Every structure is written in structure tokens, then in C-alpha cells.
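Chain and residue survey
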Amino acid sequence: MKKEFVVIGLGRFGSSICRELSEQGMEVMAIDMDEDRVNEFASIASHAVVADTTDESVLKSLGIRNFDHVIVAIGDDIQSSILTTLMLKEVGVKKVTAKAQNDYHEKVLLKIGADQVVHPERDMGRRIANNIVSNNVLDYLELSDEHSIMEIIANETLAENTLIDLDIRARYGINIVAIKRGKEIIVSPQADEPIHLNDILIIIGADNDIDRFEKKMND
């Protein structure tokens, strides 16, 4: 069965999630207070509704507790974001992901029951900064405050060594979980797997350990 999603707030973040989920063939209900925004998504989402999601009776009338996952993507109105998240948990929604404006907002959202909190602007800023600072970093995803997963291009320092030669896990405490080589992807590479120049290494570990590894690569 298709998963059913609700996206509340059709600003830039909510709009992009709504479009992506719809393109992936998911059932999506799009909700916003702005009628023009809702009309824009009438032909994209499965349902597009003008509604005040801080009103518990409105949420109940929409049958919102029957959806698998609700994304609260409300932009600048922190109060509406918090009240909506609270009401969603009150009516029994199983999974709520909420967008936070800052760390204080995140703490409140988690306290009132949000299952996941995202900081799209902050996280994108970190990804862009990592890509700008290092010539070797292709992509970066924060897993928690202290751990990340990163794609790094193998340079001359790493090339023609095997994983066992480099002993990356013992020296740096990080793991190479996959190697991309052209169109081939080697998942959980063996210790005797050689690294070739321009291989893309997908590494996971603590941010401090990844930084140490990156600095050594560029020495």
C-alpha cells in the first residue's frame, strides 16, 4: 500500500517536499492557510485544503490521524508550528516531522511530542560550507549533532592502497560503508579492496574523526 502523507505549510520547504512525495507516487494532502498556495497544489497533491491546523476540530474533520506521516513545514509563525504539532499528537497522529527555525524551537517541538525535527536552512548551510571548504567533499549529511555521513573523492594519498593498508577504522574511528567506482557501487567493501584514484568513498563517523581524516588526506 502507498504511504499517506500530510504536508502542512506550503512555503519553499513544504512545497518542495509536497512535490517530491507526489512525484514518487505517494498520497499527499497539502494544507495551508493561503488559498492561492493551495490552488497551486490542487493539481500536484492528491488533496489540497485551506485549513487552520491549530484548530483540533479541523484536524479531526480532515481525518488526519489516519495518515502515516505528517510534516509540519510552517515557516515563520513559530506559535502556529508549535500549536499544530501539539494538536497532531493530541489527535493521535503516529509520526510527526516538524521544521524548526532555531534550537529553542527544536527543544519545544521535541518536548511536545514531535518524532523528528529538521533544520533545512541550517543543514543545507552546513552541506554547502563543507563542499566549499574541501575540494574532496562531494556531499555531506548530518546524522546527529556529532555524527555525519560524507562522500569524499579519493586523491593520490589514498589511491592504490587497500582498506587494510589504510586502516582507517583503527586510526580515525570512521567506517567506509561503500565505494562508488563509475557506475559500480561496492557496498561493505572487503579489507583487501584497493582504492583507485577518483573513487567516491562513502564514510560514516563522528564529525571530529571525519575532520582528522580529511586533514590527513589533504596533507
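Calculation criteria
Residues numbered from 1 in each chain as written. Predicted model: local features only at pLDDT ≥ 70, side-chain atom pairs only at ≥ 80, totals over all residues. Heavy atoms only, no water. Helix = DSSP H or I, 4+ residues; strand = E, 2+ residues; numbered from the N terminus. Polar contact = N/O pair within 3.5 Å; in protein donor to acceptor, adjacent residues only side chain to side chain. Contact = heavy atoms within 4.5 Å. Phe/Tyr/Trp six-rings, centres within 6.5 Å; stacked < 30°, edge-to-face > 60°. Buried < 20%, exposed > 50% of the residue type's maximum accessible area, 1.4 Å probe, protein only. Expected span 1.5 Å × (residues − 1). Arc of directions from axis to C-beta. Salt bridge = Lys/Arg side-chain N within 4 Å of Asp/Glu carboxyl O. UniProt positions renumbered as here; feature names shortened; annotations may be inferred. Core = buried A, V, L, I, M, F, W, Y, C linked by side-chain atoms within 4.5 Å.

1. Notes on the side chain of Asp32
With respect to the helices and strands, the residue Asp32 is situated in strand β2 (residues 27-32). From its side chain, Asp32 meets the backbone nitrogen of Leu10 in a polar contact 2.7 Å long. Excluding residues within four positions of it along the chain, Asp32 makes contact with Gly9, Leu10, Arg37, Val38, Val49, Val50 and Ala51.

2. Focus: the packing of aromatic side chains
Inspection of every chain in the model, using the stated rule, returns one aromatic pair. For the pair Tyr172 and Phe213, a centre-to-centre distance of 5.4 Å together with 65° between the ring planes defines the contact as edge-to-face. Here Tyr172 is found in helix α8 (residues 168-172), whereas its partner Phe213 is found in helix α9 (residues 207-217), with 41 residues between them in sequence. Note on accessibility: Tyr172 and Phe213 belong to one class, buried.

3. Some details on helix α4 (residues 78-90)
Under the 1.5 Å per step criterion, the end-to-end length of α4 is 18 Å for 13 residues, consistent within 8% with the ideal 18 Å. Of the surrounding secondary structure, the elements contacted by the buried residues of α4 are β1 (4-8), α3 (56-61), β4 (69-72), β5 (96-99) and α5 (103-111).

4. So, α9
Taken together, the buried positions of α9 are occupied by Asp209, Ile210, Phe213, Glu214 and Met217. Seen from one end, α9 has its buried residues packed into an arc of 135°, which puts them on one side. Facing away from the buried side of α9 by more than 90 degrees, the exposed set consists of Asn208 and Lys215.

5. Comments concerning the pattern of salt bridges
This model, assessed by the stated rule, comprises eight salt bridges. Here Arg37 and Asp32 are joined by a salt bridge, their closest N and O atoms 3.7 Å apart. Under the relative-accessibility criterion, Arg37 is labelled partly exposed at 37%. With its nearest N and O atoms 3.3 Å apart, the salt bridge here joins Lys60 to Glu56.

6. Points about the environment of Asp76
Here Asp76 is to be found in the loop between β4 and α4. Engagement of the side chain of Asp76 in a polar contact is seen with the side chain of Gln101, the distance being 3.3 Å.

7. Focus: the UniProt feature "domain: RCK N-terminal" (unreviewed entry) in the chain
Using the residue numbers shown here, the UniProt feature "domain: RCK N-terminal" (unreviewed entry) corresponds to residues 2-118. As annotated, residues 2-118 comprises 39% helix and 22% strand, and the C-alpha atoms at either end are separated by 24 Å.

8. Topic: the nonpolar core
Grouped together as the largest cluster of nonpolar side chains are 24 residues, with contacts concentrated most on Val6, Ile31, Ile64 and Leu88. Looking at this core, the elements with two or more residues in it are β1, β2, β4, α4, β5 and α5. With three residues, the single largest contributor to this core is α4. Ignoring any residue separated from it by four or fewer positions in sequence, one finds Leu88 in contact with Ile8, Leu59, Ile64, Val70, Val72, Val93 and Val96.

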